[in-house]
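# A closer look at the structure
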Amino acid sequence: RRAAVRCRRANMAAALRRTALYDLHVALGAKMVPFAGWEMPVQYAEGIMKSHLHCREKAGLFDVSHMLGVRFTGKDRVEFMEKMVPADLRNLPPSMGALSVITNEQGGIIDDCIVTNRGDDLYTVINAGHEDKDLPHFERHMKDFVKGGKEVAMEPLTGNGLLALQGPSAVEVMQSLCGHDFAAMKFMSGAPMSVAGLPCFVTRSGYTGEDGFEIAVPKEESETLAKAILAHPAVMPIGLGARDSLRLEAGLCLYGNDLDDTTTPAEAGLLFVVAKARREHGGFVGDDVILPQIRDKSAKRKRVGLVCEGAPAREHAEVLDSTGAPVGEVTSGVHSPCLKKPIAMAYVPTALAKAGTELQVKVRGRVNKAVVTKMPFVPSNYYRGA
């Protein structure tokens with residue numbers, strides 16, 4: 001029996017994929033854990049709290065190579081992608097990106113993503129473990145689109161690695177490694193450039209609420225680039241644990257927790273991803289559900305932020321109203337290193353979603369007070385220009 005258990009564990013480990021930085025993570029003392037089919041660093045010797053605060057104060061380097069870049073080409077690529085996402089891509093300037101969502105026929109969210117207009121293509125990055133979900137969805141719609149005489153092609157960029165450099169010192173680090181004019185590079189913009197002598201595509205974006213960059217680099221050069229960035233005294237390697245607490249303080253959703261196939265943009269509080277230019281005529285998958293919810297304000301539940309007392313309320317913790325009646329469920333929760341108190345996201349009835357509403361959360365059998373709070377919990381520091 002023990003041999004069988006060891007065999008199963010070995011098979012599970014063998015099934016996990018590794019990024020090009022796996023050996024570097026191990027050499028740096030990372031604790032590796034399974035995540036979305038990958039073996040990823042959850043924390044380093046410094047611990048989650050110190051890593052989190054270091055990113056807020058200086059800069060942190062994250063391996064996000066488990067995510068997948070995808071490019072769309074062909075003269076009708078914009079028309080096709082406007083069927084897949086509710087962004088206004090026709091009016092998206094070159095070198096700029098738009099945060100968006102990929103929607104299904106029921107108005108639910110298949111994935112969240114950023115779509116960047118790189119001039120000769122549209123470039124997007126999908127979440128880890130979503131190749132078997134997002135790519136078939138694109139292919140199915142592309143088949144009908146091409147049958148109608150349109151031109152579009154999709155290319156998963158499996159040869160790339162992806163690093164995220166985040167924090168107030170990120171721009172200083174980037175300037176030490178390349179000659180690009182970052183003063184002119186605003187949040188959500190992107191450009192090809194040489195970083196530490198390596199060919200990269202860099203976007204000024206991230207998942208922490210801080211200024212920062214996401215850097216696509218040829219997979220075989222990932223470790224060279226990571227070492228060059230880590231050589232800067234302001235930079236610390238950071239794992240998934242602090243990445244989660246950072247994004248939660250920033251009020252950013254984690255797919256699979258705070259978003260899923262049954263959640264609409266209106267329910268998720270992501271109305272901004274449905275561009276105003278798309279709200280009259282639609283033309284994207286699920287528009288017959290999504291647009292009426294926005295127009296009529298008819299979503300029956302809403303994602304809210306909670307500041308709690310007591311122990312942190314984690315995923316699936318029950319949310320109660322002031323009378324003790326169950327009204328919702330926590331989707332993400334953590335002890336905030338910056339606020340020094342528990343914070344969470346949850347879905348509750350729309351009538352209870354107003355900031356200041358007093359609720360309760362049940363944590364390990366104990367009922368604790370919680371207050372609906374506007375997000376982000378910690379002010380964002382995205383670079384909007386000098």
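In what follows, the structure referred to is the one given above.
Please read all numbers here as calculations on a predicted model, not as lab measurements. (Residues numbered from 1 in each chain as written. Predicted model: local features only at pLDDT ≥ 70, side-chain atom pairs only at ≥ 80, totals over all residues. Heavy atoms only, no water.)

### Details of the packing of helix 3 (residues 48-57) against helix 8 (residues 240-249)
Inclusion rule: Lines fitted to C-alpha atoms define the axes, with helix axes restricted to the stretch in contact, and inter-axis angles between N-to-C directions lie between 0 and 180 degrees. Helical segments are the DSSP runs of H or I of at least four residues, strand segments are the runs of E of at least two, and each set is numbered from the N terminus. Any angle from 65 to 115 degrees is called roughly perpendicular, while one under 35 is roughly parallel, one over 145 is roughly antiparallel, and all others are oblique. Here is the rule for handedness: rotate from the far helix to the near one, and if that takes an anticlockwise turn smaller than a right angle the crossing is left-handed, while a clockwise turn gives right-handed. Here a residue-residue contact requires only that any non-hydrogen atoms of the pair lie within 4.5 Å. Following the grouping adopted for this structure description, the nonpolar residues are Ala, Val, Leu, Ile, Met, Phe, Trp, Tyr, Cys and Pro, the charged ones are Asp, Glu, Lys and Arg, and the polar ones are all others, Gly among them.
As a packed pair, helix 3 and helix 8 sit with axes 8 Å apart at the nearest point and diverge in direction by 50 degrees. On the basis of their axis angle, the class for helix 3 and helix 8 is oblique. Crossing angle aside, the handedness with which helix 3 passes helix 8 is right-handed. Along the contact surface, helix 3 presents Ile48, Ser51, His52, Cys55 and Arg56, while helix 8 presents Gly241, Ala242, Ser245, Leu246 and Glu249. Of the residues in the contact of helix 3 with helix 8, the class split is four nonpolar, four polar and two charged.

### Focus on the state of the cysteines
To keep it simple, the criterion reads: In plain terms, two cysteine sulfur atoms within 2.5 Å form what is called a disulfide here.
Summed over all chains, the structure comprises zero disulfides. You can see Cys55 has no disulfide; the closest cysteine sulfur is in Cys338, sitting 9.6 Å from it. Cysteine Cys200 shares no disulfide, and the gap to the nearest cysteine sulfur, in Cys178, comes to 8.4 Å.

### Some words on the sheet that holds strand 7 (residues 122-126)
What counts, and what does not: For two strands to count as paired, DSSP must find a minimum of two bridges between them.
Spatially, 5-6-7-4-8 is the arrangement adopted by the five strands of the open sheet, whose pairing is antiparallel. What marks the edges here is a single partner per strand, and that holds for strand 5 (97-103) and strand 8 (153-156). Direction aside, neighbouring strands of the sheet carry axes that sit 30 degrees apart on average. Inspection of the sheet shows strand 5 paired to strand 6 (residues 109-117) by seven bridges, in the antiparallel sense. Paired with Gly97 across the bridge in strand 6 is Thr116. Each of strand 4 (68-73), strand 5, strand 6 and strand 7 touches helix 4 (residues 77-84); the most contacted strand, strand 4, lies at about 130 degrees to it.

### What about the packing of aromatic side chains?
Two aromatic rings, taken as a pair, are described by how far apart their centres are and by the angle between their planes. Note the following rule: Ring pairs shown here join Phe, Tyr and Trp side chains whose ring centres sit within 6.5 Å, with only the six-membered ring taken for Trp; geometry is labelled stacked below 30 degrees between planes, edge-to-face above 60, and tilted in between. Burial status follows relative accessibility: with a 1.4 Å probe on protein chains alone, a residue under 20% of its type maximum counts as buried, one over 50% as exposed, and anything between as partly exposed. Ring-over charges, as used throughout, are those where CZ of Arg or NZ of Lys falls within 6 Å of the ring centre and within 35 degrees of the ring normal.
This model, assessed by the stated rule, comprises six aromatic pairs. Ring geometry for Phe72 versus Phe80: centroids 6.2 Å apart, planes at 40 degrees, classification tilted. For Phe72, a relative accessible area of 0% corresponds to the buried category. Aromatic pair Phe72 and Phe138: ring centres 5.1 Å apart, planes at 80 degrees, arrangement edge-to-face. Here Phe72 is found in strand 4, whereas its partner Phe138 is found in helix 5 (residues 131-147), with 66 residues between them in sequence. In this structure, Phe72 and Phe138 share a single accessibility class: buried. Lying across the ring of Tyr22, Arg18 places its NZ or CZ 3.9 Å from the centre. Its end group placed over the ring of Phe201, Arg118 keeps NZ or CZ at 4.7 Å from the ring centre.

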